[in-house]
Amino acid sequence: MNAVPMNIAAKPLAELISAEALAEIDRWIAKYPPEQKQSAVIQALHIVQDQHGWLNNERMDAVAEYLGMPKIAVYEVATFYTMFNLKPCGRHTIAVCTNISCMLRGSDVIVSHLEKKLGIRLGQTTADGKFTIKEVECLAACGGAPMFQIGKTYYENLTPQRVDEILDKLK
Amino acid sequence: MVNIEIDGKPLQVDDGKMLIEAADEAGIPIPRFCYHKKLSIAANCRMCLVEVEKAAKPLPACATPVTDGMRVYTRSAKALTAQKGVMEFLLINHPLDCPICDQGGECELQEVAMGYGSDVSRYQEKKRVVKDKNIGPLISTDMTRCIHCTRCVRFGQEIAGLMELGATGRGEHMEIGTYIEQSLVSEMSGNVIDLCPVGALTSKPFRFSARAWEMSQRDSIAPHDSIGSNLHLHVRDGQVMRVVPRENEAINEVWISDRDRYSYTGLNSEERLQAPRIKQKGAWQETDWQTALDFTVQNLRKAIAGHGAQQTGALSAPHCTLEEMYLLQKLLRGLGSQNLDHRLRQNDFSPQTPQYPWLGQGLAQLEKLDAVLLIGSNVRKEQPIGAHRLRKAALRGAEVMLINPVDYDFNFPAGEKIIIAPDAMVSALAGVARALCELDKAANKTHLDALAQVAVSSIHRTMASRLKSADNAGLLLGSSALAHPRLGALHTLAKLITRLSGARLGYLPQASNSVGGWLAGMLPDRDARGKSVSQPGLNARAMLEQGLKSYVLLNMEPEFDCANPAAALRNLNAAECVVTLTPYVTSQMESYADVLLPVTPFSETPGTFVNAEGRWQEFNAAVRPLGEARPTWKVLRVLGNLFELPGFDYVSAQEISHELRALAPDLATAGNGGDSATLPQLDNHGQTQGLMRIGHVPIHSIDNIVRRASALQQTADAEQACIRLNAAEAGRHGLMDGASARVSQDEAEARLTVRVDARVPDGAALIAAGVPGSETLGASFGAVNVERLA
């Protein structure tokens, strides 16, 4: 017999997130016609991720179930956008832009400084679980290149020195 | 209609068509990968770029609608440059190692690259590598070869109705797969192999076993359901190497079910009987045909002389060809016996049962229905291509309603449904009938009186009004209705409902030649002309439950193919003489049979199947018979000669089918038979005492070939024998999931594992028939006792 696991029923979303978070997802669903509630998938994934810091299969499956979508369609969305973390990540996720404007303004230096300072590579998390660094596409702050985003805050016109100051302030 | 011009050729094309469709109709080739006429338009491969006059850039022919006066050039310098550019990009990440690829020689990418590719690659950089995925026992993956056309993804969403494959990641990291490792479960999944334009998805059982140019292609007809999908068998050295669909828009379009695609893996199983065998003094010995046939004739003569022809009967599997069944009934009738039947799984043979259970319409008609009431059918697993037609109707907005003994999972949205134990299905249908009568009380007074005791619920009323108000409504009765112990009552009520609502009545017969069996006269009470015989013989159930002195069995395994395996085996073992014509030998046969005559499966014989819609489809042998096996029609013809019966001088199978064609009644005029005048007794609309068995036949247990198809037996659809109860019913019997239970029906019993299954209604136990483990049990739809085993 083939040992490939079959589809397993998803856990209900209500068991995975708070009542407020669920209400927030419902608010997003209400914005769309009932037969198109899957339009709320990106917001739903964001809300679930805010609760846990990252998305595992159980959480994505629960979103799929809740929105009446095939599971694979949710995986497609979650893997397409770099804003979704599909692995556990640190308390602070540093999303470094390496697109063309930032690259021309020296994002390579920022990345290698970060890697050296934290002792990890892009996509990894420090052993103390404090920082994750990842490479992202353009975050629309080319005027302040090179830049990165930590949590929801943009930090622009970065230099190695400024990176040190920013990281030192974070707990 | 608009006037356009492609490559200087003026064309008249329907409004709204895409350029590529117009070109295809006119026979003008345009290369493509993502476009497929049965799938939505993705326009992501860009291979079909063509030059359109006055357009600034080349346009994708698959996504450009025709407009009046359009001038298109598919081979201009601009078009060719664009196509060659796309080809070069597509080949950047694709391995250039066709000789080691299973698709080599029949690959769309390879072919188009021959026409549009460069002879050397300018690409020097690293190629991307994608890990292969394990998506189950049917499909192999080689994902580095994938060019992201997304045909397989769209197939899942749009045709199979089960999105299992998707495109995860983005840009260069995009991959086609299931994301979480799992097997595809769609019963149509193998079609992605045909759709895949490269060697990324290939057939797992066939992989690396033959090259396209080594095989010859033979036409055939699928033998496992009543759809009769058209097939190509690819053969090499006298062996069927694989099966692919043959396009027929009226039947299977371009698809086939996995069962039809992979059943060939059971054709040459080790259990194939390759030489005649006779039992002498209790010992089996292999012999030649002459001896075996003489032995057969001698023993049957002796049995008839000793006990009379009324003590001889013949049973044929419903997947035997028309010619085989016609000759078998001719032989037995020539010997003086009317004990004939092909309805092995039927339980009710009362006069109210249908006379010709067929679809009553064309298959393509199914997708035009606006309201459908499915009764006792798991159409998705029983006739996957039929379900595909119903799915199209449902997506168009049709309401598909259900009265089923199990809450089967369908690949289309189902509307109102009544999931109820089999014995209560009759009163559920009566409820719908009464609701229809109530719509016009004055006109239906007598029926209302007859149905006075029937309770009508709001679901019955909704079903009734949907059927009545739809322009095109249909009632479809499936396998669980045909095997139902009160088939006659269901048929009568269905007749009444169709008469009152204007809906069309149809049956979804189970086997590839179920309809053919009725036409070939393989019945105890009607001959091949459809005329009643003066002294009807015994039906399948009576023959196997009352017991006869001698039997002729054709292409069947009673323990898996009959309504009551325990009774069948008991009486076969008690008989004096059992002649078995079979492609496979089983230990059961060795116990009850006296002669084993090796006959051929569908791939080794010419024949005709009549599908659900009544279409006669002839096919030829694709390969030579294995070993000493011979086509059944030849064996029966010789037996006819040896018995010195008149009219057995056929020199080809075609002669037989032509003879029958001239006799057989026309289904369209014959109708389904039966009437709605005398309504059934509805006194027991409560539950029977205890549990009622639902003995449905799982998709991969339907006949002797499929049961041996190793590839199919590894899929999730291959069911093991177990008893399925809902949680409440399991609780009432003190059973838990995984527990062991003793299941009994009269003297018959089996030990089965308990599975808690929410799909099963109260008062019922789902115990599949046709699977090893349940063959010791009795009636497939009958009362059953369950006891916990410590």
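The rules behind these values
Residues numbered from 1 in each chain as written. Chains lettered and ligands numbered in written order. Predicted model: local features only at pLDDT ≥ 70, side-chain atom pairs only at ≥ 80, totals over all residues. Heavy atoms only, no water. Pairing = 2+ DSSP bridges. Helix = DSSP H or I, 4+ residues; strand = E, 2+ residues; numbered from the N terminus. Axes fitted to C-alpha atoms, helices over the stretch in contact; angles between N-to-C directions. Contact = heavy atoms within 4.5 Å. Buried area = accessible area lost by both parts, 1.4 Å probe. Salt bridge = Lys/Arg side-chain N within 4 Å of Asp/Glu carboxyl O. Polar contact = N/O pair within 3.5 Å; in protein donor to acceptor, adjacent residues only side chain to side chain. Nonpolar A, V, L, I, M, F, W, Y, C, P; charged D, E, K, R; others polar. Patch = residues over 30% accessible without salt bridge, like charges linked within 9 Å, V, L, I, M, F, W, Y side chains within 5 Å. Areas by Shrake-Rupley, 256 points an atom, 1.4 Å probe, with all protein chains shown as cover. Buried < 20%, exposed > 50% of the residue type's maximum accessible area, 1.4 Å probe, protein only. Parallel < 35°, antiparallel > 145°, perpendicular 65-115°, else oblique. Left-handed = near helix turned anticlockwise from the far one by under 90°. Domains from an automatic or database assignment. Core = buried A, V, L, I, M, F, W, Y, C linked by side-chain atoms within 4.5 Å.

A.B. asks: For the sheet that holds strand β4 (residues 153-155) of chain A, give the residues involved together with the corresponding values.
C.D. replies: Residues and elements named next belong to chain A. Here 4 strands make up an open sheet; going across it, the order is β2-β1-β3-β4 and the pairing mixed. Two strands in the sheet have a free side with no partner beyond their single neighbour: β2 (131-136) and β4. Across the sheet, the axes of successive neighbouring strands diverge by a mean angle of 25°, strand direction being ignored. Bridge count for strand β1 (residues 92-97) against β2 is 6 bridges, and the pairing is parallel. Its bridge partner lying in β2, I94 is registered against I133. Relative to the sheet, helix α6 (residues 107-118) contacts β1, β2 and β3 (148-150), its axis offset from that of β1 by approximately 150°. Across the face of the sheet, helix α7 (residues 160-169) comes into contact with β1, β2, β3 and β4 while running at roughly 5° to β3.

A.B. asks: Help me get a handle on the interface of chain A and chain B, residues and values and all.
C.D. replies: With 18 residues of chain A at the interface, the matching set in chain B holds 23 residues. In total, chain A and chain B occlude about 1700 Å² of area from one another, counting both sides; carbon and sulfur atoms represent 61% of this. Linking chain A to chain B there are 0 salt bridges. Linking chain A with chain B are 3 residue pairs in polar contact (both at pLDDT 80 or more), by the criterion used here. For the side of chain A that touches chain B, the secondary-structure elements that each account for two or more residues are α3 (57-67) and α4 (71-80) of chain A. Examining the composition of the side of chain A that touches chain B, we find that 6 residues originate from one element, α4 of chain A, more than from any other. A per-class count over the side of chain A that touches chain B returns 12 nonpolar, 5 polar and 1 charged.

A.B. asks: If you had to explain a nonpolar patch on the surface to someone new, which residues and values would you point to?
C.D. replies: Residue and element names in this part refer to chain A. Residues I100, M103 and L104 make up a contiguous nonpolar surface patch of about 340 Å² in total accessible area. Position of L104 relative to the elements: it lies in helix α5 (residues 100-104). On the accessibility criterion, L104 (67% relative accessible area) is exposed.

A.B. asks: Break down the packing of helix α1 (residues 19-29) of chain A against helix α2 (residues 41-52) of chain A for me, with residues and values.
C.D. replies: Residue and element names in this part refer to chain A. At a minimum axis distance of 9 Å, the contact between α1 and α2 shows a crossing angle of 165°. Taken together, α1 and α2 sit at an angle that is classed as roughly antiparallel. Two packed elements cross with a definite hand, and for α1 against α2 that hand is right-handed. Each of A21, E24, I25 and W28 in α1 lies in contact with α2, whose residues at this interface are Q43, A44, I47, V48 and Q51. Taken together, the residues of the contact of α1 with α2 sort by class into 6 nonpolar, 2 polar and 1 charged.

A.B. asks: If you had to explain the domain arrangement of chain A to someone new, which residues and values would you point to?
C.D. replies: Parsing chain A into structural domains produces domain 1 (10-80) and domain 2 (92-170). The centre of domain 1 of chain A, based on its C-alpha atoms, is set 29 Å off from the matching centre of domain 2 of chain A.

A.B. asks: How would you explain the nonpolar core if you had to name every residue and give the values?
C.D. replies: A general tendency of soluble globular proteins is for nonpolar side chains to be buried together. In this structure, L45 of chain A together with M47, I139, F155, L374 and F412 of chain B are the most contacted members of the largest nonpolar core, which totals 111 residues. With 6 residues, the single largest contributor to this core is α4 of chain A. Dropping the residues within four chain positions of it, F412 of chain B is found in contact with L374, V379, A387, L390, R391, A394 and V400 of chain B. Counting residues in hydrophobic clusters, the runner-up holds 75 residues, among them M325, L544, L553 and F648 of chain B.

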